[in-house]
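Each chain, letter by letter, is given below.
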Amino acid sequence: MKELDVFRTTVLVFAATVIFSCGGGGDNATEAEQAPDKVTILTYPTNNLLCIDNTIEFEWGESTDPNGDVVFYVLEIATKNDFSDAETFTLREETLKSVTLDIGSAYFWRVLARDSKNNKSEYSEVYQFYTEGEAEENHLPFSPVLVSPTNGTDVSSGSVDLIWNATDVDDDPLTYDVYFDTANPPVAKVGDNQSDNKKNVSVSAATTYYWKVVVKDGKGGESIGQIWSFETN
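This report concerns the structure included in the present document. All residue numbers refer to positions counted from 1 along the written sequence of the respective chain. Reporting in this predicted model follows two pLDDT cut-offs: at least 70 for local features of residues, and 80 or more for side-chain atom pairs to be given and counted; totals over whole chains, interfaces and linings ignore these cut-offs and use all residues. The side-chain values count all of the structure's non-hydrogen atoms but skip hydrogen atoms and water molecules.

**Re the side chain of Lys216**
Under the scheme used here, helices are H or I runs from DSSP no shorter than 4 residues and strands are E runs no shorter than 2 residues, and both carry numbers assigned from the N terminus. One can find Lys216 in strand S15 (residues 208-216). By relative accessible area, Lys216 is classed as buried at 16%. What qualifies as a polar contact is a pair of N or O atoms within 3.5 Å, subject to a donor-acceptor requirement within protein and to the restriction that residues adjacent in sequence count only when both atoms come from side chains. A polar side-chain atom of Lys216 sits 2.9 Å from a polar atom in the side chain of Asp177. For Lys216, the contacting residues outside a window of four places in its chain are Pro173, Leu174, Thr175, Asp177, Asn193, Gly221 and Glu222. The classification of residues rests on relative accessible area computed with a 1.4 Å probe and restricted to protein chains. Under 20% of the type maximum is buried, over 50% is exposed, and intermediate values are partly exposed. The contact criterion used is simple: two residues touch if any of their non-hydrogen atoms lie within 4.5 Å.

Laid out in structure tokens, this is it:
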């Protein structure tokens, strides 16, 4: 009988231990790690700005961290809109950075926030600007920005609308040459000096297509866009 009582006591102690350990951690539970909020405000330089000075005071809005961690900001500045040549600056809790850039050049910039545990937010929007050159009468248009279809995506066969955006600090009327091909880089021109920033093309199933856009301002200035691609189902 005593052996049975000892057995029952042991079982109860074990069960209580399991319930305690499997229950919520209460006030001692560790809050799940979360990334800082996305930076939603790019204060300066504003989008499509023509800067009269090549020393730029980059400024953006603050991010907050749900866990109260220290926030670092990663500023990226590039001459290519895919940021493959980006110069990167990391700042602790600072939302201002002075950078001297080349004159007479187009630039793109964006910011992300990360915390002290390296959890990263999404990138901010991308803004573009131009640094004024000496005695510049005409500036090159900005490189085209992809709208649709998303780079590397799958689309249905039949026809596809290629859509992009482009701007010019001189507000010159822009025209576009569109190259579309199954070869990389694309060499077949399907749009020549068109004013519309959209081109409808026919596509076959189970094929990878490549395309790019050349932007021209009518004054001899032109910018060649990066190569984009998509696949058909």
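**Focus on the pattern of salt bridges**
Just to be clear on terms, a salt bridge is a Lys or Arg side-chain nitrogen sitting within 4 Å of an Asp or Glu carboxyl oxygen. Scanning the model with the defined rule gives seven salt bridges in all. Close ionic contact of Lys216 with Asp177 constitutes a salt bridge, the shortest N to O distance being 2.9 Å. Linking Lys216 in strand S15 with Asp177 in strand S12 (residues 175-181), this pair joins segments that are 39 residues apart in sequence. For the pair Lys216 and Asp177, one class covers both residues: buried. When salt bridges with common partners are traced through the structure, they connect Asp177, Lys189, Asp192 and Lys216 into a single cluster.

**Regarding the environment of Val111**
Residue position: Val111 is located in strand S7 (residues 106-115). Here Val111 falls in the buried class, since its relative accessible area comes to 0%. Placed 14 residues apart in sequence, Val111 and Glu125 show a C-alpha to C-alpha distance of 8.0 Å. Apart from the residues lying within four places of it in its own chain, the contact partners of Val111 are Val39, Leu42, Trp60, Tyr73, Val74, Leu75, Glu122, Tyr123 and Ser124.

**So, the sheet that holds strand S14 (residues 198-203)**
Pairs of strands are assigned from DSSP output, requiring at least two bridges between the strands. Ordered by their spatial adjacency, three strands build an open sheet running S9-S11-S14, and the pairing between neighbours is antiparallel. Where the open sheet ends on each side, the last strands, each with one partner, are strand S9 (145-148) and S14. Across the sheet, the mean angle from the axis of one strand to that of its neighbour is 30 degrees, orientation sign disregarded. Pairing analysis gives three bridges linking S9 to strand S11 (residues 158-165), with the strands arranged antiparallel. Helix axes are fitted only over the stretch in contact, all axes being lines through C-alpha atoms; the angle between N-to-C directions runs from 0 to 180 degrees.

**Digging into the sheet that holds strand S2 (residues 49-51)**
Taken together, the five strands give an open sheet; going across it, the order is S2-S8-S7-S4-S5, and neighbouring strands pair in mixed fashion. Because the sheet does not close on itself, it has two edges, and the strands there are S2 and strand S5 (87-92). In this sheet, neighbouring strand axes are inclined to one another by 30 degrees on average, regardless of whether the strands run parallel or antiparallel. Direction of pairing for strand S4 (residues 71-78) relative to S7: antiparallel, over a ladder of eight bridges.

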